[in-house]
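For reference, the chains in residue letters:
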Amino acid sequence: MNGKAPHIVQYQGSKRILAPQMLPYMPKRFDRLVEPFAGMAAITIAVAKAGRAKRYLINDLNKPLVDILRLAIESPHELIAEYTSVWSEQFTYKDGSVEHYYKVRDDFNKGNQSAANMLYLLARCVKGSVRYGSNGQFNQSPDKRRHGTSPKNMRLNIDAISYYLKGRAQFMSKDYREVLEEALPGDIVYMDPPYQGVSNVRDCRYYSGIEFADFIDAIDQLNRRHIDFLISYDGKCGDKHYGEDLPSELGLQKVLLNAGLSSQSILLGKKEVTFEALYISRGLQQYLPRPTESEPLYSLFEAPAI
Ligand SMILES: C[S@@+](CC[C@H](N)C(=O)[O-])C[C@H]1O[C@@H](n2cnc3c(N)ncnc32)[C@H](O)[C@@H]1O
């Protein structure tokens, strides 16, 4: 894949930087990519850019996120026009754009959850991190140093994404288990659930948590139905491990992808590289580089530029 894949907005937890290390574990050509925890769909976009799948199923429980993707792909000009209108309005505010952000956030929480409003909030909020309070209200603060991606840059990315995916994508906004029921042999499922550290907390960084036992059961079902998949599941930075490993009975191979220097460790003067775990289903293990030592394998594919 040449160059980074386009993206709509910097979404917290995005796998955009890791995409070039994941694609080699997928077949050269396949029927359909199913992404039950799509977020801003970094892997779907990277796979579509490389022309690897014929069709794509994009799902996220957070419906306004899926609405952004649907409009970006199916009607990019409509989304850009609406975003331009919301984004430009901030400069008409005498007391500064922060106040404008709160006005849009209030509108959103009162029910105006248009794709353009959600996109503006995502583009302007701290770390592109979607946070909801226990009352279900979007409660993330604005990043005071930024006005949010300009419509001009947004257009370049959205036009490219639409070019790769228009007419090939199906959209859903359901719990991942319902989406997995739709998967068929020949599909590749890519799953990137919320981090274990934030699972089961309602007002967490992500929209909802998932139960570990349910997730293991869902993976077991995929194995039984002969459906191949890749799963991003926690990782390690320096000596620190995050989260529980997936059980060995599932027959998955774990590799660690190089996610670059962790910004936290740079702040502490330690310069530790973060690794993110990728679990590979049986049918995709033929694409693994030959291991020289016992688990875990480190990806032999190109690491991201640091
Ligand atoms: C780590 S993020 C995915 C990031 C994505 N890979 C990207 O590159 O943008 C996890 C996503 O799972 C979604 N999610 C949480 N619980 C879910 C559930 N039960 N079913 C489907 N999606 C869920 C969240 O809304 C969040 O967008």
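Here the structure is a predicted model, which is why all the values come from computation and not from measurement.

Regarding its fold elements, the protein chain presents ten helices and nine strands. Of all 306 residues assigned to the protein chain, the portion counted as buried reaches 38%. In the protein chain, once contacts between residues fewer than 6 apart in sequence are set aside, the share between residues at least 24 apart is 68%.

In terms of nonpolar packing, the biggest core is built from 78 residues, with Ile 68, Ala 72, Tyr 83, Leu 119, Tyr 120 and Leu 122 touching the most fellow members. At eight residues, helix H6 (residues 115-124) tops the list of elements feeding residues into this core. Excluding anything up to four places from it in sequence, Leu 119 contacts Val 9, Ile 68 and Tyr 83.

A few words now on the confidence of the model for the protein chain. Per-residue confidence for the protein chain gives a mean pLDDT of 87, with 83% of residues at or over 70. This stretch, residues 198-207, has a pLDDT under 50; its non-local contacts, to residues over four places away or in other chains, come to 24 contacts. Taken together, the stretch residues 302-306 has pLDDT below 50 and engages in eight contacts with residues farther than four places along the chain or on a different chain.

Before going further, it helps to examine unusual backbone geometry. Unlike most non-glycine residues, Lys 127 shows phi in positive territory, near 55 degrees. When you line up the elements, Lys 127 lands in the loop between H6 and helix H7 (151-165).

Turning next to the environment of Phe 215. Residue position: Phe 215 is located in helix H9 (residues 212-224). Residues Phe 215 and Arg 177, 38 residues apart in the sequence, show an inter-C-alpha distance of 8.4 Å. Among residues more than four places away in sequence, those in contact with Phe 215 are Pro 193 and Ile 210.

Moving on to the environment of Gly 136. Inspection of the secondary structure puts Gly 136 in the loop between H6 and H7. Sequence-wise, Gly 136 and Asn 109 are 27 residues apart; in three dimensions their C-alpha atoms are separated by 8.6 Å.

Turning our attention to the packing of helix H4 (residues 76-89) against H6. Axis separation between H4 and H6 bottoms out at 9 Å; the angle between their running directions is 55 degrees. When the interaxial angle is binned, H4 and H6 end up oblique. Two packed elements cross with a definite hand, and for H4 against H6 that hand is right-handed. Where H4 abuts H6, its residues Leu 79, Glu 82, Tyr 83, Val 86 and Trp 87 lie against Ala 115, Ala 116, Asn 117, Leu 119 and Tyr 120. In terms of residue class, the contact of H4 with H6 is built from eight nonpolar, one polar and one charged.

Below, the discussion takes up the packing of helix H2 (residues 42-49) against H7. The geometry of H2 relative to H7 is characterised by a closest axis approach of 9 Å and an angle of 65 degrees between their N-to-C directions. Taken together, the axes of H2 and H7 lie roughly perpendicular to each other. By crossing handedness, the relation of H2 to H7 is classed as left-handed. Along its contact with H2, which presents Ile 45, Ala 48 and Lys 49, the element H7 presents Ile 161, Tyr 164 and Leu 165. For the contact of H2 with H7, the class distribution of residues is five nonpolar, no polar and one charged.

In this section: H4. Here H4 spans 20 Å end to end across 14 residues, near enough to the 20 Å set by a 1.5 Å rise per residue. Turning to H4, the residues buried within the fold contact helix H3 (63-74), helix H5 (97-109), H6 and H7.

Cut-offs used in this document
Chains are numbered independently. Their residues run from 1 in the order of the written sequence. Only residues with pLDDT of 70 or above have their local features reported here, since the model is predicted, and side-chain atom pairs are shown and tallied only from 80 upward, although totals for entire chains, interfaces and linings are computed over all residues. Strands here are runs of E lasting at least two residues and helices are runs of H or I lasting at least four, both read from the DSSP assignment and numbered beginning at the N terminus. Every C-beta atom is placed from the backbone, and the number of other C-beta atoms within 10 Å of a residue's own sets its class: buried at 20 or more, exposed at 12 or fewer, partly exposed in between. Residue pairs are scored as contacts if the distance between their C-beta atoms, which are placed from the backbone, is within 7 Å. Nonpolar cores are identified as sets of buried Ala, Val, Leu, Ile, Met, Phe, Trp, Tyr and Cys residues joined via C-beta atoms within 7 Å. Across the chain, each position has a pLDDT score giving the predictor's confidence in that residue, from 0 to 100. In this analysis, axes come from line fits to C-alpha atoms, helices being fitted only over the stretch in contact, and the angle between any two N-to-C directions falls in the range 0 to 180 degrees. Just so you know how the angles are binned, under 35 degrees is roughly parallel, over 145 roughly antiparallel, 65 to 115 roughly perpendicular, and the rest oblique. Handedness of each helix crossing follows the sense of rotation of the near helix against the far helix: counterclockwise by less than a right angle gives left-handed, clockwise gives right-handed. Charged means Asp, Glu, Lys or Arg here, nonpolar means Ala, Val, Leu, Ile, Met, Phe, Trp, Tyr, Cys or Pro, and polar covers whatever is left, Gly included. Multiply 1.5 Å by the residue count of a helix minus one, and that product is the helix's expected span.

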